[in-house]
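Chains, contacts and geometry: an overview
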Amino acid sequence: MRIIKYDDIMSAKNQGRKKVVAHSASLVSPYARETALRFGIEIVENLSIKREENNMRKPFIAGNWKMNKTNRETVKLLNNLKPLVSDAGDVDIMVAPPYTSLTLAAEILTDNNIMLGAQNMHQEESSAYTGEITADMLIEAGCSWVILGHSERRKYFGCSDELVNKKLKKALSKGLNPIVCVGEQLEEREAGNTFEILRRQVTEGLKEINDPVTIAYEPVWAIGTGKTASPEQADDAHKFIREMLADIYNPEIAEDIRILYGGSVKPTNISELMAKKNIDGGLIGGASLNAESFSQIVKF
Ligand code: PEP
């Protein structure tokens, strides 16, 4: 049972949201109610937000732990998470811990409904690339997924569209399931260039690719900032990406491809996002580091 608390109201206030949605199964604490009243924030209750019925794609919630969690912390988080999501139902769940935790995580995640992914990989088979990791190493460690082209890789580690494309080709050739991240920076959105950026990232990233791949739309300005794209903004971007996928593959394949949204997703905003026609899941950073919040997102 999820409880809407004071913090939920304050984060809505800080983000300029006028509405907090409580699921039918949620409780609202008296203090949260009082605070909402004080700041003129509406609590919409007993609203069972459903995914649009014509969205047949299986929801996919993935956690990107980034540079967090030692081995000991990994054991704790996964052991807390497992029972919380064991009854999650028809949703794919994946976690991407740091490399050092992968083998251990794979052992903990045997025989349950959580899949394992990595946060990046090198595009070459093997060679003198100090500090890098190959697809084979990830597979042997137990990964079935790999995140490619995350905005932090693009920003801090020079990951270009061309490199994303090379990594993607290598991952697919090895049978790893990639999640390709795309998304515009704040200045690009403000200059009205969002779709142009997405077009470039998708076209270049998926060049000469025939296999369908999962995409994550992550507006850079929403990552780790507490600012979420509105469900409408996210859905517009997802729709645009799906139209591009229809050109790259064909309309049937594009309909089947899952496009995840990432950027300050929390238990309080996931349902509104998932209710949108083109949003098929979430790539979750901060909120995946806590078993309780990640499980609430999984059970949106
Ligand atoms: C991410 O790292 O992909 C991400 C979306 O982070 P956060 O959820 O913390 O914004």
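Residues numbered from 1 in each chain as written. Predicted model: local features only at pLDDT ≥ 70, side-chain atom pairs only at ≥ 80, totals over all residues.

1. A closer look at the site of the ligand
- Within the structure, the ligand sits among 14 residues, and Ile223, Gly224, Gly262, Gly285 and Gly286 are positioned closest to it.
- Along the lines of polarity and charge, the residues of the shell around the ligand split into five nonpolar, seven polar and two charged. (Near = placed C-beta within 6 Å. Nonpolar A, V, L, I, M, F, W, Y, C, P; charged D, E, K, R; others polar.)

2. Describing the sheet that holds strand E8 (residues 145-148)
- Strand order in this closed barrel of eight strands is E5-E6-E7-E8-E9-E10-E11-E12, and the pairing throughout is parallel. Each strand of the sheet is rotated relative to its neighbour by a mean of 25°, with strand direction disregarded.
- Where strand E7 (residues 114-118) meets E8, two bridges bridge the pair, whose relative direction is parallel. The residue bridging Gly117 from the neighbouring strand is Trp145, located in E8. (Pairing = 2+ DSSP bridges. Helix = DSSP H or I, 4+ residues; strand = E, 2+ residues; numbered from the N terminus. Axes fitted to C-alpha atoms, helices over the stretch in contact; angles between N-to-C directions.)

3. Looking at unusual backbone geometry
- Here the phi dihedral of Glu208 falls at roughly 60°; this positive angle occurs in a residue that is not glycine.
- Tracing the chain through its elements places Glu208 in the loop between helix H9 (194-205) and strand E10 (214-217).

4. Topic: the domain arrangement of the protein
- Domain assignment breaks the protein into domain 1 (3-44) and domain 2 (60-298).
- Computed over C-alpha atoms, the centres of domain 1 and domain 2 are 29 Å apart. (Domains from an automatic or database assignment.)

5. Focus on the nonpolar core
- Of all hydrophobic cores here, the largest spans 63 residues; its most connected members are Ala62, Val146, Leu148, Ile179, Tyr217, Ile241 and Ile297.
- With five residues, the top contributor of residues to this core is helix H10 (residues 231-248).
- Contact partners of Ile179, with chain neighbours within four places excluded, come to Ala62, Trp145, Ile147, Leu148, Thr214, Ala216, Leu260 and Leu283.
- Counting residues in each nonpolar core, the second largest holds six residues, with Ile4, Ala12, Val20 and Ala36 among its members. (Core = buried A, V, L, I, M, F, W, Y, C linked by C-beta atoms within 7 Å. Buried ≥ 20, exposed ≤ 12 C-beta atoms within 10 Å, placed from the backbone. Contact = placed C-beta atoms within 7 Å.)

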